[in-house]
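Commentary on secondary and tertiary structure
Here are the chains, one letter per residue:
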Amino acid sequence: WPDSLPGSGINLRHVDCDGNGQVNVADTFAIHQNWGRMTPLTPFLPPAVVDLRSNQLQISIQSDTLTGGQPTTLDVILTGDADQLATAYGAAFSLKYEGLTLSDVEVTFLDSWLGTLHQDLLAVSRHLPDSNRIDISLTRLNQQDTTGSGPICRVHFLPGEVFSNTGQFTFEDITLINAAGEPLPITATTHEYVLVDQSTSTQANRSMAAIKIFPNPATDQLFVDLSQLRSTARTFQVVDVLGRLAHRGELTLNGSNTLIDVRQLEPGVYHLSLLDRSGEVVGLARFVTDRW
């Protein structure tokens, strides 16, 4: 191709991942298809320089106690040295976890200070449960660095089987670049947590069941399969990732199925709870609403 990436000098033909002659969001599909495949090529970016004065990746989580079966959200924060502003164009890293299994992993970028998803920000993520790892990558699209501090993405998950009393989240394979494709110095923190097996939590938690929902992401209506519930659900509640009530109502049953109208919800991640006649939670699910 006649053009190359500034700074690195890599020809744009190598950025066209699906080989259709265009560089756009569709290239992420080819990335997902080839995720984890090894090639004899040598990456053009050298490892990020370790510098105590560098930018820093951090984790912020509402509770340091993770309970099996309880939906959890953590923020991945990018900040400058001594809580100053960071300047960057893109970031890629792996988030490792230990001591438990994770399910229903969803990474969202709605509040990222690096940019607005589907406008000036491109992001991909992949959960690799066999490696206890979540790979995350995001980059701006306008060839201009931006400055900020705070969350660049949120990771939503459901803790599963617990293997030990404690564990930790760690970052690996971190790359931070500027608009010229040059690596920026960056360090990362480790976040420790306490693990509680679901079997040691309350009887209400033991009576809950995961419920099947689709489509996810949802735009207008959410189809809910109630066939796995241990008791009859009568009402529902929807809360956002901050625990704020966003929607509630009575369920209109059609056999073992029901529909919930989600058109009034803002784009984001939500937790759905189904309650029986006595108000006990009998089913849980997490879903995303999207309008793009």
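Residues numbered from 1 in each chain as written. Predicted model: local features only at pLDDT ≥ 70, side-chain atom pairs only at ≥ 80, totals over all residues. Heavy atoms only, no water.

Check the secondary structure of the protein chain and you find two helices and 22 strands. Classification of the 292 residues of the protein chain by burial places 41% in the buried group. Taking all contacts inside the protein chain whose residues are at least 6 apart in sequence as the whole, residues at least 24 apart take part in 69%. When the accessible surface of the protein chain is split by element, carbon and sulfur atoms take 49% of a total near 15,700 Å². (Helix = DSSP H or I, 4+ residues; strand = E, 2+ residues; numbered from the N terminus. Buried < 20%, exposed > 50% of the residue type's maximum accessible area, 1.4 Å probe, protein only. Contact = heavy atoms within 4.5 Å. Areas by Shrake-Rupley, 256 points an atom, 1.4 Å probe, with all protein chains shown as cover.)

Now for the pattern of salt bridges. This structure, assessed with the given rule, holds four salt bridges. Among the ionic pairs, Asp 135 bridges to Arg 133, the shortest N-O distance being 2.6 Å. In this structure Asp 135 comes out as buried when scored by relative accessible area, which is 8%. Measuring nitrogen to oxygen at the nearest pair gives 2.6 Å for the salt bridge that ties Asp 261 to Arg 263. (Salt bridge = Lys/Arg side-chain N within 4 Å of Asp/Glu carboxyl O.)

The next subject is the layout of surface pockets. In this model, the second largest pocket occupies a volume close to 820 Å³. What lines the second largest pocket is a set of 31 residues, and nearest its centre among them are Val 107, Phe 109, Leu 117, His 118 and Asp 290. Within the residue set of the lining of the second largest pocket, elements represented by two or more residues are helix 1 (27-33), strand 6 (100-108), strand 7 (121-128) and strand 22 (281-289). Ranked by residues supplied to the lining of the second largest pocket, first place goes to strand 7 with seven residues. For the lining of the second largest pocket, the class distribution of residues is 16 nonpolar, twelve polar and three charged. (1 Å grid on protein atoms, 1.4 Å probe; cavity = no way out; pocket = protein on both sides within 12 Å on 5 of 7 lines; lining within 4 Å. Points joined across faces, edges and corners; volume = space filled by probe spheres on them. Nonpolar A, V, L, I, M, F, W, Y, C, P; charged D, E, K, R; others polar.)

Everything listed here is a matter of coordinates, which is why it stays silent on function.
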